[in-house]
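# Tertiary structure, described
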Amino acid sequence: MLTYYNRSVFALTFAATISSVVSGGLMIPLYTWPTIAQNSAGDYECVSNEWQKVASSVAANNTIAIVNPSNGPNYGSDPWKKLSYDTCIEYLKSSSVEVSGYVHTKVGYPDISGYRPYCEVKDDIDMWKNEYDVDGIFIDEVSNRWLASWDSLKKVTDFNQLLVDYVIDDLGYDRAILNPGGAYFENIMVPYFGNPKVIAVVFEGQQWSFQRGDCIWGLWDTTQGSFTNGPWCQYVPNWDGIEPLKGKMDDGSILPEQSAALIYGAASTAEATEDSIEFGTDANVGWFYILDNWSAWSSTPSQLVLNTQAAMVL
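Residues numbered from 1 in each chain as written. Predicted model: local features only at pLDDT ≥ 70, side-chain atom pairs only at ≥ 80, totals over all residues. Heavy atoms only, no water.

## Examining the packing of helix α4 (residues 118-131) against helix α5 (residues 153-170)
So the rule is basically this: Only C-alpha atoms enter the line fits that serve as axes; for helices the fit covers just the stretch in contact. Angles between N-to-C directions range over 0 to 180 degrees. Each helix corresponds to a stretch of at least 4 residues labelled H or I by DSSP, and each strand to a stretch of at least 2 residues labelled E; elements are numbered beginning at the N terminus. Roughly parallel means an angle under 35 degrees; roughly antiparallel means over 145; roughly perpendicular covers 65 to 115; every other angle is labelled oblique. Note: crossing handedness is left-handed where the near helix turns anticlockwise from the far helix by less than a right angle, and right-handed where it turns clockwise. Throughout, a contact is declared for two residues whenever any of their heavy atoms are within 4.5 Å. The residue classification treats Ala, Val, Leu, Ile, Met, Phe, Trp, Tyr, Cys and Pro as nonpolar and Asp, Glu, Lys and Arg as charged. All others, Gly included, are polar.
Their axes nearest at 11 Å, the elements α4 and α5 cross at an angle of 25 degrees. As far as their axial angle goes, α5 and α4 are roughly parallel. Viewed along their axes, α4 and α5 form a crossing whose handedness is right-handed. On α5, the residues that touch Y118, V121, K122, I125 and D126 of α4 are F159, L162, L163, Y166 and V167. A class-by-class count of the residues in the contact of α4 with α5 yields 8 nonpolar, no polar and 2 charged.

The following block contains the structure:
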């Protein structure tokens, strides 16, 4: 007999005592192996503890899980990997979790040196559409505001808008998620202002870069002061040039449910987790993930941290 996580009494109690503060939910890079096993009837079922934690969260129906078999959808010649992902994706969806498939857009990671050909990225998206049952696509390695010599604002905008339009308009997916991992060029989002189907990750990094005693600590220049805790904490006002994007988020052109913050290296406390979501919400961020592990996305959070953030996005 298979044992699954139950929705904890703690989480339900906490959810009942705190009002919803988020337009969005949890966005979880679920890059752990989807373990499966046969039940007594001979059918395969998802038994991964990490995936069960996500599916049994009180915020399951406000959660996007990003899945990534091998830097994209390719499972090679491994039918067990395909069966494992198919089984556990179905399990997530049966628990009302939205699932997005991962694609990468650049070459040479970690020393990125250029774009993958558009047709290659499109082929990955087509594979997700044709061979998996996912609800959307997570587009990684989107350029942020600090461009390499081989990149340009036009390239960033044109390339990624082509992908988003293909995902949403041509394939009919419900979600396209762009991941610059930090402050990006707001031009990318102009056609999608007010469209919650399109989300951009405005922060991906350690909790210390998101919130600390004083954001001025650790800045490369302190003459301009600092922003407050949240996605802008790590930037120098005026000189880092993030104000145009911040302005579009502040004035609601980019809705809260169109912005995400993915935080790792977090403290294993309810207080720090609550603070992260409150600081993000103040900056009009709607999607969150807080992981109390220094190894980004290699696990799920402790039950306390998961329960706390899940309760806050109900």
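There is more to say, and it comes next.
## Points about the nonpolar core
Condition: By convention a nonpolar core is built from buried Ala, Val, Leu, Ile, Met, Phe, Trp, Tyr and Cys residues, the set being connected through side-chain atoms within 4.5 Å. For the exposure calls, accessible area comes from a 1.4 Å probe over protein chains only, and a residue counts as buried if that area is under 20% of its type's maximum, exposed if over 50%, partly exposed in between.
If you look at the biggest cluster of nonpolar residues, it comprises 86 residues, and the most contacted ones within it are M27, W51, L92, I125 and W232. Excluding its chain neighbours within four sequence positions, the residues that come into contact with I125 are V103, I137, L163, Y166, V167 and L171.

## Observations regarding the packing of aromatic side chains
For the record, the criterion: Planes of paired rings set the category: under 30 degrees apart is stacked, over 60 is edge-to-face and the rest tilted, where pairs are Phe, Tyr or Trp rings (Trp by its six-membered ring) whose centres lie within 6.5 Å. Look at NZ for Lys and CZ for Arg. If either is within 6 Å of the ring centre and within 35 degrees of the ring normal, a charge sits over the ring.
Evaluated as defined, the whole model comprises 15 aromatic pairs. Seen in terms of ring centroids, Y31 and Y102 are 6.0 Å apart; in terms of plane orientation they differ by 85 degrees. Their pairing is edge-to-face. In this pair, Y31 is assigned in the loop between β1 (25-29) and β2 (36-38) and Y102 in strand β5 (residues 98-104), connecting sequence segments 71 residues apart. Seen in terms of ring centroids, W146 and Y235 are 5.5 Å apart; in terms of plane orientation they differ by 20 degrees. Their pairing is stacked. Taken together, the residues span a long stretch of sequence, with W146 in the loop between β8 (136-140) and α5 and Y235 in the loop between α6 (207-210) and α7 (243-250) at a distance of 89 residues. Within the aromatic cluster, the residues linked to one another by ring pairs are Y115, Y118, W150 and F159. The ring of Y173 has K129 sitting right over it, with the charged end atom 4.7 Å from the ring centre.

## Comments concerning the pairing of strand β10 (residues 198-206)
Inclusion rule: Note on pairing: DSSP must find at least two bridges between two strands before they are called paired.
Counting buried positions along β10 gives 7 out of 9 residues, so the element sits mostly inside the fold. Summarising the sheet, strand β9 (residues 175-179) and β10 pair through 3 bridges and their orientation is parallel. Across the sheet, the residue bridging to I177 is I199, located in β10. Direction of pairing for β10 relative to strand β11 (residues 259-264): parallel, over a ladder of 6 bridges. What sits directly across from F203, in β11, is A261.

## Looking at the side chain of R212
Counted only if it meets this: In this tally Asp and Glu are treated as negative and Lys and Arg as positive; neither His nor the chain ends contributes. We define a salt bridge as a contact between a side-chain nitrogen of Lys or Arg and a carboxyl oxygen of Asp or Glu at a distance within 4 Å. We call two N or O atoms a polar contact when they sit within 3.5 Å, provided that within protein one can donate a hydrogen and the other can accept it, with sequence-adjacent residues counted only if both atoms are side-chain atoms.
Structurally, the position occupied by R212 is in the loop between α6 and α7. For R212, which is buried and forms no salt bridge, the nearest opposite charge comes from D214, at a distance of 6.8 Å. Looking at R212, its side chain comes within polar contact range of the main-chain oxygen of C215, at 2.8 Å. Separated by 2.8 Å, the side chain of R212 and the backbone oxygen of W217 make a polar contact. Not counting residues up to four positions away in its chain, the partners in contact with R212 are W217, L219, N229, C233 and Q234.

## Description of unusual backbone geometry
With the exception of glycine, most residues fall at negative phi, and the peptide bonds are largely trans. Between Y109 and P110 the backbone carries a cis peptide bond, its omega angle lying at 10 degrees. Here P110 shows up in the loop between β6 (106-107) and β7 (114-115). Located in the positive-phi region is E141, a residue other than glycine, with phi close to 65 degrees. Within the secondary structure layout, E141 lies in the loop between β8 and α5. The backbone of N284 sits at a positive phi, close to 65 degrees, despite the residue not being glycine. Residue placement: N284 occurs in the loop between α8 (270-282) and β12 (287-290). The exposure class assigned to N284 is partly exposed, which follows from its relative accessible area of 21%.

It is worth stressing that arrangement in space is one thing and function is another; only the former is reported here.
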